[in-house]
Amino acid sequence: MTTLRAFTCDDLFRFNNINLDPLTETYGIPFYLQYLAHWPEYFIVAEAPGGELMGYSVGALMLCMFTVMGKAEGSVAREEWHGHVTALSVAPEFRRLGLAAKLMELLEEISEKKGGFFVDLFVRVSNQVAVNMYKQLGYSVYRTVLEYYSASSGEPDEDAYDMRKALSRDTEKKSVIPLPHPVRPEDIE
């Protein structure tokens, strides 16, 4: 049986099977530790019965409009207080088992309990498998962020979708009304 539990510092030495996947954005250990210290409730891992890590999600509740990992942010007065998914990754051998959906559900529940108006995430425009999965989970494209992801080896930078899902506090669903034009990373508050 799969166990969903809080991510621990020891897991940083056990999640290479997940992070070595080319579709997974990876970060340095200090970055993960920062999220673990500030938003531990948003750092969740799925563990197989034999102890192998199957996947993880990192999120947060945000007070500013831009984040990298996952947290809570935004302004309550401007109805921008929200959960943000910084990373969601499942090891290739454990995909298509519903783990990503379960991890997202947990992050949404935490954001709901903390009074968020919505949950958002950034995903590469080219990652149609992920885009479609998020749409099935009720997310919609709020805006396109031009050249959000830095490319390597001389390739052009890649655009991202900022996808959102309204929570119950956003009764009028204002947070998910799509912007009519793309934005640049420096335009994100």
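Residues numbered from 1 in each chain as written. Predicted model: local features only at pLDDT ≥ 70, side-chain atom pairs only at ≥ 80, totals over all residues. Heavy atoms only, no water.

The name that an unreviewed UniProt entry assigns to the protein chain is N-alpha-acetyltransferase 20, with the source organism given as Acrocephalus arundinaceus. Note on the protein chain: under the UniProt heading Subunit (unreviewed entry), the record states "Component of the N-terminal acetyltransferase B (NatB) complex which is composed of NAA20 and NAA25." Under the heading Sequence similarities (unreviewed entry), UniProt records this for the protein chain: "Belongs to the acetyltransferase family. ARD1 subfamily." (UniProt positions renumbered as here; feature names shortened; annotations may be inferred.)

**A closer look at helix H3 (residues 99-113)**
Over its 15 residues, H3 runs 21 Å from end to end, which matches the ideal 21 Å to within 8%, given 1.5 Å per residue. For H3, the complete set of buried residues consists of Leu-99, Ala-100, Leu-103, Met-104, Leu-106, Leu-107, Glu-108, Ile-110 and Ser-111. One or two steps after H3, the chain reaches Gly-115, where phi turns positive at roughly 80°. (Helix = DSSP H or I, 4+ residues; strand = E, 2+ residues; numbered from the N terminus. Expected span 1.5 Å × (residues − 1). Buried < 20%, exposed > 50% of the residue type's maximum accessible area, 1.4 Å probe, protein only.)

**Focus: the packing of aromatic side chains**
Taken as a whole and assessed by the stated rule, the structure comprises 13 aromatic pairs. On the numbers, 5.0 Å between centres and 45° between planes, the contact of Phe-31 with Tyr-35 is tilted. Of this pair, Phe-31 and Tyr-35 both sit in helix H2 (residues 29-38), four residues apart, roughly one helical turn. Side by side, Phe-31 and Tyr-35 carry an identical accessibility label, which is buried. Grouping aromatic residues by their ring pairs yields a cluster made of Phe-7, Phe-15, Tyr-32, Phe-43 and Tyr-56. The positively charged end of Arg-124 is found above the aromatic ring belonging to Tyr-149, 4.3 Å away from the centroid. Taking NZ or CZ as reference, Arg-164 lies 3.6 Å from the ring centre of Tyr-142, over its face. (Phe/Tyr/Trp six-rings, centres within 6.5 Å; stacked < 30°, edge-to-face > 60°. Lys NZ or Arg CZ within 6 Å of the ring centre and 35° of its normal.)

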